[in-house]
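Coordinates in review
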Amino acid sequence: MHKVKLFLLPLLLTTFVLYLSFHNELWVSFWHVLNIPAVTPPFSDLDSISKTLLSKNQGYDVYLNNPFDPAHGPYMYPSIWLLIFDFLNLENIFYFKIFNFFIILIYFFILQDLLNKEKSRLLKILILIFFFSTTNFLIIERLNIEIIIFSLIYLAIVCKNDLLKVFFFLSALIGKIFPIFSIFFLINNKNFFLLTLFLSFLYLFFLKDEVYLMTSNMIEYARIFAYGTVSMSKAIYYYSREYNLFIDDDNYLYLKSTLIFLFSMYAIFIFMLNFKFYQKQIKDQISIDETMFLSGGGIYLGTYIFSANADYRLVFLLLTFPLIIKFKNIFIKYIYIFSCIISFNSFIFEGVDPYSLFYFVKAGFIYSLKFIIFTIICFYFGKILNNHIKIEFR
């Protein structure tokens, strides 16, 4: 009976979401109540891939010209998704809805698994807070590829078979580039870690031209519901252009590169506070909580430093919670939790003129919290790896 109940809730929630997706007016009204600006057709981010496939089939280079996309924007994902959509015939609305159903169902199962992972009341509260956050609502409403990547990374972590771990990880990497930052969750098996790292870089090398096109087409978000150095640099650029300051099209790239470099140096400095190269004992086994932290935290660190990210990517911070709730330092634990809760709901702080002083203050507050998250993850990332990696120079 308990297993039936565990299956029933994700199934009912998924069925409800799918039912809404068949009625555009109901879809928009429902998400409006939850403070989410709904887009039609439903599951718009995945739907844009099926529209891009139409452009490709008409002979367009979709990385340069994508006329069938609703926003007419160039394609931003790896080409593997066009092959998957073509192979599964996801241009057909019936097959597309079935695909949506299984993606959401698996995602809800994973959230439920996290909810039941431990008896910790705090962890359950945090998962429930995330579930009712604007970040989670955006993930479901848009059905961005991140929801698939999150599911694959989670399966890679909890799977006990090393070959399957590598399979799920590489599947996530092929689906989108940023999972490369989660690779340290494999550190318990050094051989598999090194093999997977080699295969990952080999894949990226052969895909380098496509990676360049994807990164060139990426939207540089500069709103409250975003995070990362590129989001900051883009925001500075917009303010500079609005108020005739010194940042313009000619020197924007220098600003972006400088911020990436400075935050990289800062991350290394905080990391090295806990990581020692010599004369230390390393642990033989790494806990599941630590592997989750390395995976989710690694993705946050990497995407924070190198890109602009919409907040639905904050879903990976869920993987840091099982370890965070065990921190003995109460101040760090609760400042991290507070920062995450506010960041999960940063979309609520949107609104008003983005060039107003009020918006600037709100953005400064939210971005400060996301920087705190960045700093704490850097600090404990070094501490965990220090316990499991020993590097000696001979």
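Presented here is an overview of the structure given in this document. Note that the structure is predicted; figures quoted are calculated from it, not measured.

**Concerning the overall build of the protein**
The secondary structure content of the protein amounts to 17 helices and 2 strands. Expected size for 394 residues packed as a compact globule is a radius of gyration near 21 Å; at 21 Å, the protein falls within 12% of this value. Dimensions along the principal axes, computed over C-alpha positions, put the protein at roughly 65 × 60 × 45 Å. In the form shown here, the protein has an accessible surface area of approximately 19500 Å², with 69% of it arising from carbon and sulfur atoms.

**Examining the layout of surface pockets**
Of the voids in this model, the second largest pocket is the one considered here, and its volume is about 400 Å³. If you go around the second largest pocket, you meet 19 residues; those closest to its centre are Ala222, Ala235, Ile236, Tyr239 and Ala363. Within the residue set of the lining of the second largest pocket, elements represented by two or more residues are α12 (229-242) and α17 (357-386). Grouping the constituent residues of the lining of the second largest pocket by class yields 15 nonpolar, 2 polar and 2 charged.

**Concerning a nonpolar patch on the surface**
A cluster of nonpolar side chains, namely Ile93, Phe94, Tyr95, Ile98, Phe102 and Ile106, defines an oily patch on the protein surface of about 600 Å² accessible area. Tracing the backbone shows Phe102 in helix α5 (residues 93-115).

**Focus: the pattern of salt bridges**
By the definition in use, this model includes 9 salt bridges. A salt bridge links Arg142 to Glu141; the shortest N-O distance between them is 2.0 Å. Residues Arg142 and Glu141 agree in their burial class; the two are buried. In this structure, the salt-bridge partner of Glu146 is Lys176, at a minimum N-O distance of 3.0 Å. In this pair, Glu146 is assigned in helix α8 (residues 146-158) and Lys176 in the loop between α9 (162-175) and α10 (190-206), connecting sequence segments 30 residues apart.

**A word on the packing of aromatic side chains**
With the rule as written, the count across this model stands at 46 aromatic pairs. Ring centres of Phe85 and Phe96 lie 6.4 Å apart, and the angle between their planes is 50 degrees; on these two criteria the pair is classed as tilted. In this pair, Phe85 is assigned in helix α4 (residues 80-87) and Phe96 in helix α5, connecting sequence segments 11 residues apart. The exposure class of Phe96 is buried, given its relative accessible area of 3%. The structure contains a cluster of three or more aromatic residues connected by ring pairs, namely Tyr107, Phe108, Phe131, Phe132, Phe150, Phe178 and Phe316. The ring of Phe22 is capped by Lys97, whose NZ or CZ atom sits 5.0 Å from the centre of that ring.

**Concerning the packing of α12 against helix α13 (residues 252-272)**
Between α12 and α13, the shortest axis-to-axis distance is 9 Å and the interhelical angle comes to 145 degrees. α12 and α13 meet at a crossing whose hand is right-handed. Facing α12, whose interface residues are Thr229, Val230, Met232, Ser233, Lys234, Ile236 and Tyr237, α13 presents Tyr252, Leu255, Lys256, Leu259, Ile260 and Phe263. In the contact of α12 with α13, the residues fall into 9 nonpolar, 2 polar and 2 charged.

**Details of the packing of α8 against α9**
Contact geometry of α8 with α9 gives a least axis separation of 8 Å together with a crossing angle of 160 degrees. As judged from the angle between their axes, α8 and α9 are roughly antiparallel. In this structure, α8 crosses over α9, and the sense of that crossing is left-handed. Contacts between α8 and α9 pair Ile149, Leu152, Ile153, Leu155, Ala156 and Ile157 from the former with Lys165, Phe168, Phe169, Ser171, Ala172 and Gly175 from the latter.

**Considerations on unusual backbone geometry**
For residues besides glycine, phi is generally negative; the peptide bonds are generally trans as well. For the bond from Thr40 to Pro41, the omega torsion is 0 degrees, close enough to zero to count as cis. Residue placement: Pro41 occurs in the loop between α2 (24-33) and α3 (44-57). A positive phi angle is found at Asn244, which is not glycine, with a value near 55 degrees. Mapped onto the fold, Asn244 is located in the loop between α12 and α13.

**Quick notes on α10**
One turn of an α-helix holds 3.6 residues; hence residues three or four places apart share an orientation. For α10, which comprises 17 residues, the first-to-last C-alpha distance of 24 Å matches the rise-based estimate of 24 Å (1.5 Å per residue) to within 8%. Within α10 the residues assigned to the buried category are Phe193, Thr196, Ser200 and Leu204. In an axial view of α10, the angular spread of the buried residues amounts to 70 degrees, which keeps them on one side of the axis. What points out from α10, more than 90 degrees from its buried face, is the exposed set Asn191, Leu194, Phe198 and Phe206. The inward-facing, buried residues of α10 abut α9 and α11 (208-217).

**So, the side chain of Ser133**
Within the secondary structure, Ser133 sits in the loop between α6 (121-131) and α7 (134-142). Note on Ser133: relative accessible area 0%, which makes it buried. Apart from residues no more than four positions distant in its own chain, Ser133 is found in contact with Phe344 and Asn345.

**As for the environment of Phe30**
Assignment of secondary structure puts Phe30 in helix α2. The exposure class of Phe30 is partly exposed, given its relative accessible area of 26%. Counting along the chain gives 13 residues from Phe30 to Val17, while the straight-line C-alpha distance between them is 10.0 Å. Ignoring anything within four residues of it in the chain, the contact list for Phe30 reads Phe16 and Leu20.

About the cut-offs
Residues numbered from 1 in each chain as written. Predicted model: local features only at pLDDT ≥ 70, side-chain atom pairs only at ≥ 80, totals over all residues. Heavy atoms only, no water. Helix = DSSP H or I, 4+ residues; strand = E, 2+ residues; numbered from the N terminus. Rg over C-alpha atoms; globule rule 2.2 N^0.38 Å. Areas by Shrake-Rupley, 256 points an atom, 1.4 Å probe, with all protein chains shown as cover. 1 Å grid on protein atoms, 1.4 Å probe; cavity = no way out; pocket = protein on both sides within 12 Å on 5 of 7 lines; lining within 4 Å. Points joined across faces, edges and corners; volume = space filled by probe spheres on them. Nonpolar A, V, L, I, M, F, W, Y, C, P; charged D, E, K, R; others polar. Patch = residues over 30% accessible without salt bridge, like charges linked within 9 Å, V, L, I, M, F, W, Y side chains within 5 Å. Salt bridge = Lys/Arg side-chain N within 4 Å of Asp/Glu carboxyl O. Buried < 20%, exposed > 50% of the residue type's maximum accessible area, 1.4 Å probe, protein only. Phe/Tyr/Trp six-rings, centres within 6.5 Å; stacked < 30°, edge-to-face > 60°. Lys NZ or Arg CZ within 6 Å of the ring centre and 35° of its normal. Axes fitted to C-alpha atoms, helices over the stretch in contact; angles between N-to-C directions. Left-handed = near helix turned anticlockwise from the far one by under 90°. Contact = heavy atoms within 4.5 Å. Parallel < 35°, antiparallel > 145°, perpendicular 65-115°, else oblique. Expected span 1.5 Å × (residues − 1). Arc of directions from axis to C-beta.

Honestly, that's just the spatial picture; any functional story needs more than this.
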